[in-house]
Structure formats: C-alpha cells, structure tokens
Amino acid sequence: MKILVVDDFSTMRRIVRNLLVELGFSNPLIQEADDGNNALAMLKANAFDMVVTDWNMPNMTGIELLQAIRAEPKLKGMPVLMVTAENNREQIIAAAQAGVNGYIVKPFTAVTLKEKLDKIFERLAAKGASA
Amino acid sequence: MNAAVTAPAGEALPPEVIDLLNSKDGAAFEQALDTMVRQREQHLFRALGVLARDLHGAVTRLGADLANEGMPDSMINARKHLGEVLEMSAQAAHRSLDFVDRIRPEAEALSQNATAVLDFSRSETDPAAVLARQAQVFASACSEGLNDMVLVQSWQDLAGQRVKKVVSFIESVESSLLELVRLTGALAGREAPVEVAKVHSQDEVDRLLSEFGF
C-alpha cells in the first residue's frame, strides 16, 4: 500500500513512517511531503492509496489539502487520516465536514494509529462490498 | 410644544434648558439647540485633536528610535534564539530516531539468534539455552522500549509548533510597528510608500525606514 505522509516537521514525518512500518506497511512505499502544495502535486502525479496529514503547515494546510483532494475527481475517494495537535471542536467538525476518514490528536500511540487505520479500512471494505 | 417640560426625577436639567424647552419661540429654540450641539462637538474635536497629536508625536519618536537603533536587539535575538531552539530540538529528536534505527535491527537479530540456539539446545538447563531465553526477553523489552522512544519524540513537533506561533507573533509585532511608522509618515504629508509587504530582514527594515528620512 502506497502511503503519503504530510507534515512540515521532519521529525513527525519520520515518527509516523516508523509507526506505519511497525504496523506492517512497507517502508519503501511510504513517501513524504512537507506541505499541502507539494503533497497535492505528488498525489496528482503518482497513484497513492492513502494520505496521513498534519493540519498546521505553511503554504497549504492539511484541511486545505483535504478539501483539494475531495474536489479533484481523480483523488476524491482517497482515504485521508489527519494527525494533528489541533483539538478544538470547530476544527474537528470542519475536518469531518470536509470528508476526513480519521482524526488523531497528537501526541498519540501506535495503538491509536492502528485502531484508526483498521477503522478506515473496515469502512472502505464495507463501502466496497455494498457498492 | 404644548405640554410644559419638567425635569425627570433624578436628572436635574439646568434651568436655562428647561426654559428653552418651554419657550414658544421655535426659531430661538432651534438656534439655542444648534449652539449647544456645536459647543459639544468642539469639545470632542479638541480632545480628538490632542489625542491625535500625542499619538503622532509618540509614533514619530518611535520611528526615530527604530531608525537610529534598528529594531530592538532583544526582539531580533528573541526570534533568532527561538529559531535555534527549533533547530536544536529537531536535531536532538533525529539523533534519538537514528539511535532507534540502529538498535532495532540488532535487537531483532539477537532475538532470532536466541531462537536458533534454543532450536539446537538439548536440555532446558543447558546454560546456552538459559542465556538464549534471557536474550529473547531482553530483545523483546528492547523493541518495546524503542517503540516508546519513537513516540516520545513527538514532543519536538508539539513544542516546535508552539515556538513557531511565538515567532510569527514577534514578526507581526515588528510589522505592526513599521506600519505605524509608515502611517505617521503619510499623515505628516510625506509620500507614502507602496504597500508594506512582510519584512523579513534587518536590511529591509532599515530601507523602509529610510524612506521617511528616519
């Protein structure tokens, strides 16, 4: 599974990558972008299966990236997991309204990440089965 | 105006106002009212004028200070130091992650070797088997500890985001100060420069201020 990890902090990108590998995802298939703009360009140029993104980033924030993904016919079905320090109600609601697939508040544990990922894939499988 | 006006309870109107309100001469009433309103307006405008002059003086002094001494060193240093904190904390977090990357495969190899030893072991009391089991326990605890260590490094991201917010606050204070100086220049009749974009360096600050003769 090809995953794009988007965060302006290289430390956080590395931590998320590390956790994903620990959960069994293939390291070479994980790619990184440091803001929404670069992420969107990478998503348009290559086929990815999932995006894990931060909220607060320069140039294009995570919520703007999510909105751009949902607005792009080729990308709109892409699962997006938001991993962010933003925990205020309005922002979580905004992400939900923009069509986020999962929302994790930092700091988080590998167990939380696994739970959210499992839930995303369960929902997608159910959606695929009913479609 | 038919009914005689009396002062409402608790709000004693001056006698001349009551006389005026009860006056039958409409023109005199209007004129007196105009005079009163004008007097009030003049007080207000004078107070505003004093305020504007004080503000202008304060901003001009600030502009002169900024031109002579530049943006206060403490402000520039604060931003610089915060930038260094950000960089150093990222380096420290990466070093910890490097350590994890180095040790994790060693822990895995130790566990596999221990398993191989146990497969060939003839008795459970064989010293090699005892050591191998201990090695397995250690390798497993080590892997768990390394995973925790990776997660704990997210402090750098959280602390870093707060530091970035403080840096952008300091930048906005600097920009506001310069904008204030620019406005004062415009008020004083000097030619206002083109829209002030974000000011990023001391050179830009000094160049901007020099446009006003500071």
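Note that the structure is predicted; figures quoted are calculated from it, not measured.

**A short note on the overall build of chain B**
Looking only at helices and strands, one finds six helices and zero strands in chain B. Along chain B, helices and strands appear, N-terminal first, in the series α-α-α-α-α-α. Across the 214 residues in chain B, those meeting the buried criterion constitute 12%. Taking the intrachain contacts of chain B between residues at least 6 apart in sequence as the baseline, contacts between residues at least 24 apart amount to 68%.

**A short note on the nonpolar core**
All names here are of chain A. One finds Leu-4, Val-16, Ala-39, Val-51 and Val-52 to be the most contacted residues of the largest nonpolar core, which totals 36 residues. At five residues, the largest contribution of residues to this core is made by helix H1 (residues 10-22). The contacts of Val-16, once residues within four sequence positions are left out, are Val-5, Asp-7, Val-52 and Val-83.

**Some remarks on the sheet that holds strand E2 (residues 30-33) of chain A**
All names here are of chain A. With respect to topology, five strands assemble into an open sheet ordered E2-E1-E3-E4-E5, the strand pairing being parallel. What marks the edges here is a single partner per strand, and that holds for E2 and strand E5 (102-105). Strand-to-strand, the axes of this sheet are offset by a mean angle of 20°, without reference to chain direction. Two strands pair when backbone bridges link them, and strand E1 (residues 3-6) and E2 are joined in this way by four bridges, in the parallel orientation. When the sheet's bridge partners are listed, Val-5 is paired in E2 with Glu-32. The strands touched by H1 are E1, E2, strand E3 (50-53) and strand E4 (80-84); relative to E1, the strand with the most contacts, the crossing angle is about 150°. Contacts from helix H2 (residues 36-45) reach E1, E2 and E3 within the one sheet, and its direction differs from that of E1 by about 165°.

**Digging into the interface of chain A and chain B**
Counting from both sides, the interface comprises 15 residues of chain A and, opposite them, 14 residues of chain B. If you tally residues by element for the side of chain A that touches chain B, the top one is H1(A), at eight residues. Its residues assigned to classes, the side of chain A that touches chain B comprises seven nonpolar, five polar and three charged.

**Overview of the environment of B:Gln112**
Residues and elements named next belong to chain B. With respect to the helices and strands, the residue Gln-112 is situated in helix H3 (residues 73-120). Its 12 C-beta neighbours within 10 Å are what place Gln-112 among the exposed residues. Note: C-alpha distance between Gln-112 and Ala-139 (27 residues apart in sequence) is 9.4 Å.

**Description of the confidence of the model for chain B**
Atomic detail in the predicted coordinates should be set aside for any region of low pLDDT. Residues and elements named next belong to chain B. Across chain B, the average pLDDT comes to 79, with 79% of residues at 70 or higher. The least confident element of chain B is helix H6 (residues 202-210), whose mean pLDDT is 57; the most confident is helix H4 (residues 127-152), at 93. In this model, residues 191-196 is a region of pLDDT below 50 whose contacts with residues beyond four sequence positions or in other chains number nine contacts. For this predicted complex, the interface confidence reaches an ipTM of 0.77, while the overall pTM sits at 0.66.

**Observations regarding the packing of H3(B) against H4(B)**
All names here are of chain B. Contact geometry of H3 with H4 gives a least axis separation of 8 Å together with a crossing angle of 155°. It follows that H3 is roughly antiparallel to H4 by the angle criterion. Here the hand of the crossing between H3 and H4 comes out left-handed. For the pair H3 and H4, contact is made by Ser-96, Leu-97, Val-100, Ile-103, Arg-104, Ala-107, Leu-110, Ser-111, Ala-114, Val-117 and Leu-118 and by Ala-128, Ala-129, Ala-132, Ala-135, Gln-136, Ala-139, Ser-140, Cys-142, Ser-143, Leu-146, Met-149 and Val-150, respectively.

How each quantity is defined
Residues numbered from 1 in each chain as written. Chains lettered and ligands numbered in written order. Predicted model: local features only at pLDDT ≥ 70, side-chain atom pairs only at ≥ 80, totals over all residues. Helix = DSSP H or I, 4+ residues; strand = E, 2+ residues; numbered from the N terminus. Buried ≥ 20, exposed ≤ 12 C-beta atoms within 10 Å, placed from the backbone. Contact = placed C-beta atoms within 7 Å. Core = buried A, V, L, I, M, F, W, Y, C linked by C-beta atoms within 7 Å. Pairing = 2+ DSSP bridges. Axes fitted to C-alpha atoms, helices over the stretch in contact; angles between N-to-C directions. Nonpolar A, V, L, I, M, F, W, Y, C, P; charged D, E, K, R; others polar. pLDDT = per-residue confidence, 0-100. Parallel < 35°, antiparallel > 145°, perpendicular 65-115°, else oblique. Left-handed = near helix turned anticlockwise from the far one by under 90°.

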